[in-house]
Amino acid sequence: MANYSPTIPWKGADFIGDALKTFLYSRGSADADLAETRDVLEYRSRALYQNAPFAGAAVDTKVINVVGSGLSCRPSPKSEFLSDVSQEKIKEFGKKARGLFELWAASKDCDAERDKNFYQMQELVMKTKAICGDCFALKCWHNVPSSAFGLCYKLLEGNRCRNPYDKSDTRELAMGVENDKDSVHIAYWFTKYPDYDVGGLGRYWESVRVPTYDAFGFRNVVHVFKSDRPNQRRGVPWLAPIIPMIKHQERFQDATLINAIVQSMYTVFIKSAESTVPNNFTGNVQGKERVTPEAGPKAAAELAAGNVIELGKGESIEVADAKRPNSDYRDYMREVCMEMASRLNMSYEQVLKHFEGSYNSVRGAILESKKMFDIERANLASDFCQPIYEALIFESVMLGVLDCPGFEDPLKRMAWLNCDWIGDAPVMLDPLKETTALKMQVDEQFKTRSQAVLEMNGGEYSRNVEELAEEAKWREENGVPEPGAVNRSVSVSEAKQIIDETEDEK
């Protein structure tokens, strides 16, 4: 047991005991700690996503659950701050603004490179943020005859944002982000071309300064990242805390696989006093099946399934019997995955796509991850979707496409631009149970029907009512019975007869 100093009120601050006397730590600010290591974290995170199964599964699971098919806008102007505007005009604005944004978002002209629509851009932004720590979207304009809008955005990876090569980090400019005296991000510096691009290394030395805001106060640079500390100007890769564990797990997997392959090979060695094989240059395995290169004073003898090797004079075999760290591979990997997933605020069942146990345990695992997904979805809406929506609506107002009385007033402009962002509805494990529970909550007035429809399928109750009214009118015109008149045990003719008899009795 470690000996702690009796004069230290908190054991965690002790420097005498064996447990903590070699405990090293950093005293740096958020920027100071990140400036020297951010590039290494980003490159390692990218390599792990590309090669380590757990890292790739964790990032993709997060992106799928947060973004799904994409967040959709639901304009909801704050009518209490638009008292001089009629409710009909506010409602009309909401429908028209939504329609305009959906037209723009569905077109690939919203991307400066013209190969992604807005919903695909959301997916890429979320993935880039998780891997690189942050993602940037630069506001651009292009004149495309096929598009009714000039606004578009160009996405950049985190390593494109950096100081010019002749400027070191200072309090005003660090890691490519320029701050004022109040630590407000007033400009960003980007390389004109990606690092180590196919066009050569020399071109990415050129940098360009982009102001954060335009003359109207809207963002030129949409910076998507998560702050872990105050006064932090750049993001940290999502996988950063577990990079060592992922790498150790990857090595353990490789070692276990190689161990299994070697044990599966049956090779016989024959000792001979005068043998001249294996061949000094080609070894005992020929052609494409070789693993080691045919080089050196003598090629190595290789194992192979059913192989027979004749040893040369004075040669013998010694087998290094390395013990694996854990003979039960599955349990060991499960425990490691549980620890890494918990650090990422996810359940390991969702990362590994392996669910076992009762309905309640599976639902609990999904709901635990959902807490993090909901937070990330709200952050994506606030950091990426909302600024872009505001820029498009502003362009539409300036062009006279939308009419917003009082839009020049900052408070009324905020009221007009208020918008909700709706993602995919969560998957129902047991639709009957969950639908029944939701119906009970609506019946007891714990939730509105609008909330219930939103949770069920991400739809809108008002739209459902309008479409149901149109369907009822169509059925009446065409003589189609109301839904529910036909069930599994009654034929159509019998159901119609029952309905007619009921009407006669009335």
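As the structure is a prediction and not an experimental result, all values here were calculated from the model.

Attention now moves to the packing of aromatic side chains. Taken as a whole, this structure holds 16 aromatic pairs when the rule is applied. Aromatic side chains Phe118 and Phe384 sit 5.6 Å apart centroid to centroid with 10° between the ring planes, which places their arrangement in the stacked category. Placement of the pair is Phe118 in helix α5 (residues 118-132) and Phe384 in helix α9 (residues 359-398), with a sequence separation of 266 residues. No difference in accessibility class separates Phe118 from Phe384, as the two residues are buried. Members of the aromatic cluster, joined through ring pairs, are Phe101, Trp104, Phe118, Tyr119, Phe384, Tyr389 and Trp421. Sitting over the ring of Phe407, Arg413 keeps its end group 6.0 Å from the ring centre.

This brings us to the packing of helix α3 (residues 53-66) against α9. Put simply, α3 and α9 touch, their axes get as near as 9 Å, and they point 65° apart. As judged from the angle between their axes, α3 and α9 are roughly perpendicular. In this structure, α3 meets α9 at a crossing whose hand is right-handed. Contacts from Thr61, Lys62, Asn65 and Val66 in α3 reach Met372, Phe373, Glu376 and Arg377 in α9. By residue class, the composition of the contact of α3 with α9 is 3 nonpolar, 2 polar and 3 charged.

Right, let's get into the nonpolar core. Counting 72 residues, the largest nonpolar core has Phe54, Trp104, Phe118, Phe384 and Trp421 as its most contacted members. When residues in this core are grouped by element, the largest group, 13 residues, is from α9. Apart from residues no more than four positions distant in its own chain, Phe54 is found in contact with Ile242, Ile246, Gln249, Cys337, Met340, Ala341, Leu344, Val351 and Leu352. In this structure, Leu138, Cys161, Phe190 and Val210 belong to the second largest nonpolar core, which totals 9 residues.

Roughly 1100 Å³ of volume is contained in the largest pocket. In terms of lining residues, the largest pocket is bounded by 35 residues, among which Lys370, Ala425, Pro426, Val427 and Glu455 are the most central. Within the residue set of the lining of the largest pocket, elements represented by two or more residues are α3, α9, β11 (419-422), α11 (431-443) and α12 (449-457). With 8 residues, α9 is the single largest residue contributor to the lining of the largest pocket. For the lining of the largest pocket, the per-class residue count stands at 19 nonpolar, 6 polar and 10 charged. Size it by volume and the second largest pocket reaches roughly 640 Å³.

Another point: the pattern of salt bridges. Close approach of charged atoms allows side chains with opposite charge to pair. Applying the stated criterion across every chain yields a total of 29 salt bridges. For Asp31, the salt bridge is made with Arg233, and the minimal N-O distance between the two is 2.7 Å. Note that Asp31 is positioned in helix α1 (residues 30-35) and Arg233 in the loop between β8 (221-225) and α6 (243-264), a separation of 202 residues in sequence. Among the residues examined, Asp31 registers a relative accessible area of 12% and is labelled buried. A salt bridge links Asp374 to Lys370; the shortest N-O distance between them is 2.8 Å. Within this pair, Asp374 and its partner Lys370 are both found in helix α9, separated by 4 residues, close to a single helical turn. In this structure Asp374 comes out as partly exposed when scored by relative accessible area, which is 33%.

This part is about unusual backbone geometry. In this structure, Met175 takes a positive phi of about 55° despite not being glycine. Within the secondary structure, Met175 sits in the loop between β4 (173-174) and β5 (177-179).

Here we come to the sheet that holds strand β3 (residues 151-157). Taken in spatial order, the 3 strands of this open sheet run β3-β2-β8, and their pairing is antiparallel. Each edge of the open sheet carries a strand with a single partner, namely β3 and β8. Mean inter-strand twist for the sheet, computed between neighbouring axes without regard to direction, equals 25°. Where strand β2 (residues 134-141) and β3 come together, 7 bridges link them in antiparallel fashion. The residue of β3 that forms the bridge with Cys140 is Cys152.

Bringing helix α7 (residues 329-343) into the picture now. Between the first and last C-alpha of α7 there are 22 Å, a value that for 15 residues agrees with the 21 Å anticipated at 1.5 Å per step. Every buried residue of α7 is listed here: Met333, Val336, Cys337, Met340 and Ala341. All buried residues of α7 project into a common sector of 130° when viewed along the axis, lining one side. The inward-facing, buried residues of α7 contact α3, α6 and α8 (348-352). Following α7 by one or two positions, Asn345 adopts a phi angle in the positive range, close to 60°.

With that out of the way, let us pick up the confidence of the model for the protein chain. Confidence along the protein chain averages 82 in pLDDT terms, with 81% of residues attaining 70 or more. Put simply, helix α14 (residues 492-505) is where the protein chain has its lowest mean pLDDT, 57, and β8 is where it has its highest, 96. The model gives residues 486-490 a pLDDT under 50, and that stretch makes 5 contacts with residues more than four places away or in other chains.

Another aspect to go through is the packing of helix α4 (residues 87-106) against α9. Geometry of a packed helix pair, given as the angle between the helix axes and the separation of the axes. In contact at an axis separation of 11 Å, α4 and α9 are set at 110° when each is read in the N-to-C sense. One way to sum up the angle between α4 and α9 is to call them roughly perpendicular. Facing α4, whose interface residues are Phe93, Ala97, Leu100, Phe101 and Trp104, α9 presents Ile388, Tyr389, Leu392, Ile393 and Ser396. Split into classes, the residues belonging to the contact of α4 with α9 amount to 9 nonpolar, 1 polar and no charged.

Spatial strand order, β4-β5-β6-β7: 4 strands in an open sheet with antiparallel pairing. Every interior strand has two partners, whereas the edge strands, β4 and β7 (207-211), have only one. The pairing of strand β6 (residues 185-191) with β7 spans 5 bridges and is antiparallel. When the sheet's bridge partners are listed, Phe190 is paired in β7 with Val208.

What counts and how
Per-chain numbering applies: the sequence of each chain, read as written, is numbered from 1 onward. Residue-level local features of this predicted model are given only where pLDDT is at least 70; pairs of side-chain atoms are given and counted only at 80 or more, and the full residue set underlies all totals for whole chains, interfaces and linings. Only hydrogens and water are removed before side-chain values are computed, so all heavy atoms of the structure are retained for them. Paired rings are identified among Phe, Tyr and Trp, the last through its six-membered ring, by centres lying within 6.5 Å, and are further divided according to the angle between planes into stacked (under 30 degrees), edge-to-face (over 60) and tilted (the rest). The way it works is that DSSP assigns letters per residue, a run of H or I at least four long becomes a helix, a run of E at least two long becomes a strand, and they are numbered from the N terminus. Relative accessible area decides the class of each residue, using a 1.4 Å probe on protein chains only: under 20% of the type maximum gives buried, over 50% gives exposed, and in between gives partly exposed. Throughout this description, the term charge over a ring refers to an Arg CZ or Lys NZ atom that lies within 6 Å of the ring centre and within 35 degrees of the ring normal. Axis lines are fitted through C-alpha atoms, for helices just across the contact stretch, and the angle between N-to-C directions can take any value from 0 to 180 degrees. Between 65 and 115 degrees an angle is taken as roughly perpendicular, under 35 as roughly parallel, over 145 as roughly antiparallel, and anywhere else as oblique. Here a crossing is called left-handed whenever its near helix is offset anticlockwise from the far helix by less than a right angle, and right-handed whenever the offset is clockwise. The contact definition used throughout considers only heavy atoms, calling two residues in contact when any of these lie within 4.5 Å. Charged residues are taken to be Asp, Glu, Lys and Arg, nonpolar residues to be Ala, Val, Leu, Ile, Met, Phe, Trp, Tyr, Cys and Pro, and polar residues to be all remaining types, Gly included. Residue types Ala, Val, Leu, Ile, Met, Phe, Trp, Tyr and Cys, when buried and joined through side-chain atoms within 4.5 Å, form a set referred to as a nonpolar core. In the cavity and pocket records, a cavity denotes points on a 1 Å grid over the protein atoms alone where a 1.4 Å probe fits but cannot get out, a pocket denotes an open set with protein on both sides within 12 Å along at least 5 of 7 lines, and lining residues are residues with an atom within 4 Å of a point. Grid points are joined across faces, edges and corners, and a volume is the space filled by probe spheres set on the points. Each salt bridge in this description consists of a side-chain nitrogen of Lys or Arg and a carboxyl oxygen of Asp or Glu lying within 4 Å of one another. Pairing between strands is defined by DSSP: at least two bridges between them are needed. Expected helix span is taken as 1.5 Å per residue step, with the number of steps being one fewer than the number of residues. Note that the arc is defined by the directions from the helix axis to the C-beta atoms. pLDDT measures the predictor's confidence residue by residue and takes values from 0 up to 100.

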